[in-house]
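A look at the structure
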Amino acid sequence: MLETSARLLKLLALLESRSTWSGTELAGRLDVSTRTVRNDIGRLRTLGYPVETARGRTGHYRLGSGAHLPALLFDDDEAVAVVVGLRAGTEIAGVEETSVRALGKLNHVLPARLRGKVSALASTVSKASDNTGSDAEDPVIETEVLSAIASAIAAPEWLRFEIGELPRLVEPYRLVTWQRRWYLVARDPDSSVWEVFRVDQLKLRMPTRRRFTPQPLPGGDYASFVMRHVASAGWAVHARITVHASAEEVLSRIHSAVGVVEAIDDTHCILVTGADSVATVAVYIGMLGLEFRVTEPPELVAELTEVAERYLRAVAAQP
């Protein structure tokens, strides 16, 4: 028979493995009496685990959610997966600090046999910065803001916020992170128009507690919807560039998120693109490797002129 402490750990693992257990089932798994199971359930509650009891002919035990987060029990693979996920979280603006704190706590109690696995993953996997294509600083999002939006999505409840000075009330559907930025996909309940919002630009108001019936996003791909939106309207700087090539040629050279291509004729098209700065747009245009013409915005024309002159000076400086 298992000792009390080992038995409590096994009981907890059983309760976490499925939604409900009868006392008889637990007693059989632990090789103890149902009375011992009741006593052990009481010990778990004392330790902070909210074990709920349903009485009667179909009585059972289930592990509920409580006001406090007690110690969690992971198997080896789950523990490694959590550590890897937390390491990734340290690269996301807004949750990096909390990820580091949680990672430190988990590393402190990680068994020696698992540290080798985690160290191997850390030493053989590299993560490039998601924001390699912009010279703008990464916006910082408070964890509480992400949690509040996620809670409204899960409920689901209307979400109230301000963007700029404009108050908005929307049906929230999905949070998407891309290029180290957080976006909210939402639907206007009055116009039924689907929209994308930068979370760092939102000022949340009090929860509405007003439920809504979710409607499916046409196509169902939230990530692609965000990328298309950002390409056409979501950047701080936008530009319409005439490219001396067919639309098919331009599309073969860019990612779908970089911009929207509009055909003019067989040898010309318009690239609608943008970025967080004119400097980034100027670099992207040069990387096309195609002839192009830019007439607006004036800031981009000035940036391209400066870049061209800098490149010419670099060539003239050669011996």
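Refer to the structure presented above.
Residues numbered from 1 in each chain as written. Predicted model: local features only at pLDDT ≥ 70, side-chain atom pairs only at ≥ 80, totals over all residues. Heavy atoms only, no water.

Per the secondary structure count, the protein chain includes 11 helices and 11 strands. Going through the 319 residues of the protein chain one by one, you find that 37% of them count as buried. For the protein chain, contacts bridging at least 24 residues in sequence account for 57% of all contacts bridging at least 6. Accessible surface, the protein chain as shown: approximately 19100 Å² in total, 54% of it carbon and sulfur. (Helix = DSSP H or I, 4+ residues; strand = E, 2+ residues; numbered from the N terminus. Buried < 20%, exposed > 50% of the residue type's maximum accessible area, 1.4 Å probe, protein only. Contact = heavy atoms within 4.5 Å. Areas by Shrake-Rupley, 256 points an atom, 1.4 Å probe, with all protein chains shown as cover.)

Moving on, we come to the sheet that holds strand 10 (residues 268-275). Strands sit in the order 9-10-8-11 across an open sheet of four strands; the sheet is antiparallel. The open sheet is flanked by strand 9 (259-265) and strand 11 (292-293), the only strands paired with a single partner. Pairing between strand 8 (residues 237-243) and strand 10: seven bridges, direction antiparallel. Looking at the pairing, Ala239 lines up with Thr273 of strand 10. (Pairing = 2+ DSSP bridges.)

This part covers helix 2 (residues 23-30). Buried within helix 2 we find Gly23, Leu26, Ala27 and Leu30. Projected onto a plane normal to the axis of helix 2, the buried residues spread over an arc of 100 degrees and lie on a single side. Exposed residues lying more than 90 degrees from the buried face of helix 2 are Thr24 and Gly28. Looking at the buried side of helix 2, the elements it contacts are helix 1 (4-17), helix 3 (34-46) and strand 2 (60-63). (Arc of directions from axis to C-beta.)

Read across the sheet, five strands follow the order 6-5-4-3-7 without closing on themselves; strand pairing throughout is antiparallel. Of all the strands in the sheet, the pair left with one neighbour each is strand 6 (194-198) and strand 7 (202-204). Pairwise comparison of adjacent strand axes, ignoring direction, gives a mean angle of 50 degrees for this sheet. Of the pairings in the sheet, the one linking strand 3 (residues 159-163) to strand 4 (residues 166-178) comprises five bridges and is antiparallel in character. Pairing of Leu159 across the sheet is with Val170, part of strand 4. (Axes fitted to C-alpha atoms, helices over the stretch in contact; angles between N-to-C directions.)

What follows is about a positive patch on the surface. Taken together, the side chains of Arg35, Arg38, Arg45 and Arg55 present a region of like positive charge at the surface. Note on placement: Arg55 falls in the loop between strand 1 (51-54) and strand 2. (Patch = residues over 30% accessible without salt bridge, like charges linked within 9 Å, V, L, I, M, F, W, Y side chains within 5 Å. Salt bridge = Lys/Arg side-chain N within 4 Å of Asp/Glu carboxyl O. Lys, Arg positive; Asp, Glu negative; His and termini not counted. Charge placed at Lys NZ, Arg CZ, Asp CG, Glu CD.)

Structurally, Val170 is set in strand 4. Setting aside residues no more than four positions away along its own chain, Val170 makes contact with Trp158, Leu159, Phe161, Ala186, Arg187, Pro189 and Phe197.

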